[in-house]
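Working through the structure, step by step
Here are the chains, one letter per residue:
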Amino acid sequence: MRRIAPLLIGAAIAVLAAAGFAEQQEKERQVCPITWLTAPQTHDEAEFITLTNADRRKLGLRPLALDPTLQQVARTDSWEMYAKDYFDHRSPSAGQSTPMDRYLKGGGSYRRRIIVGENLYYCTRADVQRGHTAFMHSPGHRKNILDPEWEQMGVGVYQAPNGRFWVTEMFLYRR
């Protein structure tokens, strides 16, 4: 049986197999479908939020509310990692290299103080429970999930035609 190793950014250094040049060019020409970006939350996205809030409740922390802007930005980020064949918190796209850049470009409002956090997960197959468990076993990702300051979150899941699974969790604190 072949072992499927999920990737967590910051938790492990991994080299993703490079897609063929022609395939890569085709992916970069594709445009993220706007209907998918604005569609209702998927079952997988909702499950990540449910698992996050269950772990927060166990520690007496308030649950995180879904933020539609964070969800849309997280979906775009997951899709872009697929389309541009990378896995990193820093995007190669001009003007949206950091999670904060992507949030503000995606229509997020800027008040006196906002903080944006991000967790990333990749696996060769879709498995929400495995993804959440991996987050909870990684100190930095766990810290994001259980940070009492966060107020809202958005999750974007993209599953490629070949089954590969990208997840972006974004967290927000506004004051």
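Before reading further, recall that the structure is shown in the block above.
Not measured: the values here are computed from a predicted model.

Some words on the overall build of the protein chain
Secondary structure summary: the protein chain contains seven helices and five strands in total. Helices and strands in the protein chain line up, N terminus first, as β-α-α-α-β-α-α-β-α-α-β-β. In the protein chain, buried positions account for 49% of the 175 residues. In the protein chain, once contacts between residues fewer than 6 apart in sequence are set aside, the share between residues at least 24 apart is 71%.

Regarding the packing of helix 3 (residues 43-58) against helix 6 (residues 128-136)
Put simply, helix 3 and helix 6 touch, their axes get as near as 10 Å, and they point 40° apart. Classed by the angle they form, the pair helix 3 and helix 6 counts as oblique. The two elements helix 3 and helix 6 meet at a crossing, and its hand is right-handed. Across from D44, E47, F48, L51, T52 and D55 in helix 3, the residues of helix 6 making contact are V128, Q129, G131, H132, F135 and M136. Along the lines of polarity and charge, the residues of the contact of helix 3 with helix 6 split into five nonpolar, four polar and three charged.

Concerning helix 4 (residues 68-83)
Over its 16 residues, helix 4 extends 22 Å from the first C-alpha to the last, a length consistent with the 22 Å expected when each residue adds 1.5 Å. The complete set of buried residues in helix 4 reads L70, Q71, V73, A74, R75, D77, S78, W79, E80, M81, Y82 and A83. Residue D85 follows helix 4 closely and has a positive phi angle near 55°.

Basis of the calculations
- The numbering scheme is per chain: residues are counted from 1 as the chain's sequence reads.
- pLDDT decides what is reported in this predicted model: residues at 70 or higher carry local features, side-chain atom pairs at 80 or more are listed and counted, and totals for whole chains, interfaces and linings draw on all residues regardless.
- Just so you know, side-chain values use all the structure's heavy atoms and leave hydrogens and water out.
- Labels follow the DSSP assignment, with helices taken as runs of H or I lasting at least four residues and strands as runs of E lasting at least two, numbered in each case from the N terminus.
- Relative accessible area decides the class of each residue, using a 1.4 Å probe on protein chains only: under 20% of the type maximum gives buried, over 50% gives exposed, and in between gives partly exposed.
- The contact criterion used throughout is that any non-hydrogen atoms of two residues lie within 4.5 Å.
- Only the stretch in contact is used when a helix axis is fitted, and all axes are lines through C-alpha atoms; the angle between N-to-C directions ranges over 0 to 180 degrees.
- Just so you know how the angles are binned, under 35 degrees is roughly parallel, over 145 roughly antiparallel, 65 to 115 roughly perpendicular, and the rest oblique.
- Note on convention: near helix rotated counterclockwise from far helix by under a right angle means a left-handed crossing. Clockwise means right-handed.
- We call Asp, Glu, Lys and Arg charged. Ala, Val, Leu, Ile, Met, Phe, Trp, Tyr, Cys and Pro are nonpolar, and the rest, Gly among them, are polar.
- Multiply 1.5 Å by the residue count of a helix minus one, and that product is the helix's expected span.

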